[in-house]
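Chain by chain, the residues run as shown.
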Amino acid sequence: MKPSILTFVMLTGCVLFNLWRCNQPATPDSSDDSYYTEQYRPQFHFSPEANWMNDPNGMVYYDGEYHLFYQYYPDSTVWGPMHWGHAVSSDLVHWEHLPVALYPDSLGWIFSGSAVVDKGNTSGLGKNGKDPLIAIFTHHNPEMEKEGRNDFQYQSIAFSNDNGRTFTMYESNPVIVNPGIRDFRDPKVIWHDKSKNWIMVLAAYDKAMFYTSPNLKDWTLTSEFGIPGDDRLWECPDLFPMRVEGSEEEKWVLIVSIQQKAPNGGTATGYFVGDFDGKTFTGDPQNQKWLDYGTDNYALVTWSNVPDGRTLAMGWMSNWLYAQEVPASVWRSAMTLPREIFLFESGGDFFLRSVPPKELAVLKKNTKTVKAQIIADSILLMEGITTAKLNLSFDKPEEGQIIIRFSNTSEEFIDVGYNADDETYFINRTHSGNAEFYPPFASKHTGQTVYPFESINMIIYLDHSSVELFADEGKCVMTDIFFPSEPFDKAQVIVTGSTEMREGYVTEMNNIWR
Ligand code: FRU
């Protein structure tokens with residue numbers, strides 16, 4: 001019998017489908033011993049099982065769970081039509097992956113945004129007397145963009161009455177139409193008790209715009225805040241009040257991620273400290289500061305509704321300069337460690353400091369004490385450990401450098417340290433492994449601390465493809481990623497000159513996935 005055209009079409013279709021399937025990254029199987037053991041796979045940082053991830057979204061605590069939604073493209077390891085991926089955690093440390101929460105629809109792809117518990121059901125979208133969870137996000141309409149229009153990003157909401165397991169799009173989306181601004185996105189919503197209103201801050205090209213609403217559906221523009229003459233793209237803002245440490249004074253923090261010209265190149269998370277009266281943020285636009293001086297902490301925003309009132313945040317551990325090119329086969333990119341943020345005053349100015357929250361202590365496997373000593377050249381801190389927390393303090397040296405070197409047997413290494421000559425901290429990933437995907441990746445990054453500081457304290461978290469430095473109680477923070485041919489498993493202190501080290505601690509960290 002001669003094969004019909006239909007059989008031919010079906011066979012060709014099957015072959016093409018299988019070819020396409022072979023090119024899709026396989027989703028790891030959590031019952032397998034090899035789960036989350038691929039090369040570069042973070043062991044105690046959040047990463048999706050498979051495919052592309054960027055910004056954290058909709059972070060909210062609800063009914064005993066921390067929710068982490070995130071920009072997700074489930075069909076590829078590069079950026080594409082955006083969805084909201086979803087995971088939950090009861091302790092901020094161990095994460096359970098859940099199905100995709102929001103899919104693109106007729107209004108567009110689902111860009112970044114936030115989520116709130118609608119206490120008292122102001123939106124009327126709750127059911128059976130329970131407060132609904134409301135996601136507020138940007139719809140990005142690719143067809144309208146192709147048509148050359150400027151109004152293709154607008155704000156929409158979706159609601160969940162089953163603890164975030166499923167969401168329904170609000171029938172009258174969008175809730176804020178585009179006023180003719182090409183980049184008009186990333187709404188972050190908070191409840192403002194004094195004015196009994198919801199407040200939204202969003203990024204509008206080179207500034208932040210503020211809106212208020214009684215019910216999360218009807219929004220009124222109240223003000224804008226920007227830097228006169230700024231030509232950089234603003235993204236992923238956040239707004240929240242904080243008590244100044246050691247005082248009763250309250251200030252407001254406006255976080256803004258900036259797409260270009262960060263202190264060490266590319267993208268980074270910055271902030272302003274000022275005041276907010278329910279409608280307008282006032283602060284010095286020229287006094288922008290950086291929350292993290294590393295190259296790999298972007299789109300950091302805070303969790304909503306944290307039960308004990310702490311300010312907890314998390315960022316995307318990458319940089320748009322090279323995010324889509326970094327080595328990846330199964331998944332691409334991870335989140336930073338969660339961070340607890342504090343506001344302090346120094347020399348008449350206000351600064352944020354951030355440290356990993358106490359919850360991370362559950363990951364401590366075993367701790368080695370390193371005795372206080374004078375280091376004239378170098379000492380070995382650890383060997384045979386690939387995931388670690390180091391807590392090291394030194395007398396402030398007058399000159400020279402204190403280097404913590406993490407290395408492997410392939411002669412690759414990354415240096416984290418302090419340079420007394422210009423009083424900066426640094427991470428140098430020049431020799432950290434693969435940088436072919438973007439040669440300027442192999443570089444040294446420096447960070448400023450806040451004066452005065454009397455000694456050098458470095459808390460460093462090492463994972464298989466990232467290092468995070470929290471210096472001076474989090475006054476100078478640096479996050480960098482790297483891609484060595486095998487994980488770094490040795491750490492030394494190397495000094496130029498002589499330095500007195502105080503008692504230090506090296507802790508092996510447990511894996512969060514197995
Ligand atoms: C920031 C960002 C956001 C946008 C999202 C799209 O990394 O560009 O402004 O909503 O990513 O994925």
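Residues numbered from 1 in each chain as written. Predicted model: local features only at pLDDT ≥ 70, side-chain atom pairs only at ≥ 80, totals over all residues. Heavy atoms only, no water.

Q: Looking at this structure, I do not really get the overall build of the protein. What am I missing?
A: A count of helical and extended segments in the protein gives two helices and 36 strands. Rg of the C-alpha trace for the protein: 24 Å, near the compact-globule value of 24 Å for 514 residues, within the 12% margin. Taken along the three principal axes of its C-alpha coordinates, the protein extends 75 × 75 × 45 Å. Expressed as a percentage of its 514 residues, the buried residues of the protein come to 60%. Relative to all contacts within the protein whose residues are 6 or more apart in sequence, the contacts with residues 24 or more apart total 61%. Counting only carbon and sulfur atoms, one obtains 50% of the accessible surface of the protein, whose full area is about 20,600 Å². Taking the average place of the 40 positive charges on the side chains of the protein and the average place of its 68 negative ones, the gap between the two points comes to 3 Å. (Helix = DSSP H or I, 4+ residues; strand = E, 2+ residues; numbered from the N terminus. Rg over C-alpha atoms; globule rule 2.2 N^0.38 Å. Buried < 20%, exposed > 50% of the residue type's maximum accessible area, 1.4 Å probe, protein only. Contact = heavy atoms within 4.5 Å. Areas by Shrake-Rupley, 256 points an atom, 1.4 Å probe, with all protein chains shown as cover. Lys, Arg positive; Asp, Glu negative; His and termini not counted. Charge placed at Lys NZ, Arg CZ, Asp CG, Glu CD.)

Q: What am I meant to see in the pattern of salt bridges here?
A: Should the charged atoms of two oppositely charged side chains come close, the side chains can pair. Overall, the coordinates contain 27 salt bridges when judged by the stated rule. Between Arg429 and Asp296 there is a salt bridge, with its nearest N and O atoms 3.0 Å apart. Here the residue Arg429 occupies a position in the loop between β29 (424–428) and β30 (444–448), and Asp296 occupies one in the loop between β17 (289–290) and β18 (298–302), the gap between them amounting to 133 residues. With relative accessibility at 0%, the residue Asp296 sits in the buried group. A network of salt bridges, in which partner residues are shared, links Asp308, Arg310, Glu340, Lys358 and Glu359. (Salt bridge = Lys/Arg side-chain N within 4 Å of Asp/Glu carboxyl O.)

Q: Whenever I open this one, the side chain of Glu412 confuses me. Can you help?
A: Mapped onto the fold, Glu412 is located in the loop between β27 (401–407) and β28 (413–419). The side chain of Glu412 is buried and forms no salt bridge, while Arg405, the nearest opposite charge, is found at 13 Å. In this structure the side chain of Glu412 is engaged in a polar contact, spanning 2.9 Å, whose partner is the side chain of Asn408. Among the polar contacts listed, one links the side chain of Glu412 to the backbone nitrogen of Ser485, at a separation of 2.8 Å. (Polar contact = N/O pair within 3.5 Å; in protein donor to acceptor, adjacent residues only side chain to side chain.)

Q: Looking at this structure, how should I read the environment of Leu312?
A: Tracing the chain through its elements places Leu312 in strand β19 (residues 312–316). Overall, Leu312 belongs to the buried group, its relative accessible area being 0%. Residues Leu312 and Pro356 lie 44 residues apart in sequence; the distance between their C-alpha atoms is 9.0 Å. Contact partners of Leu312, with chain neighbours within four places excluded, come to Tyr66, Leu92, Val301, Thr302, Trp303, Val306, Arg339, Glu340 and Pro357.

Just geometry here; none of it tells us what the structure is for.
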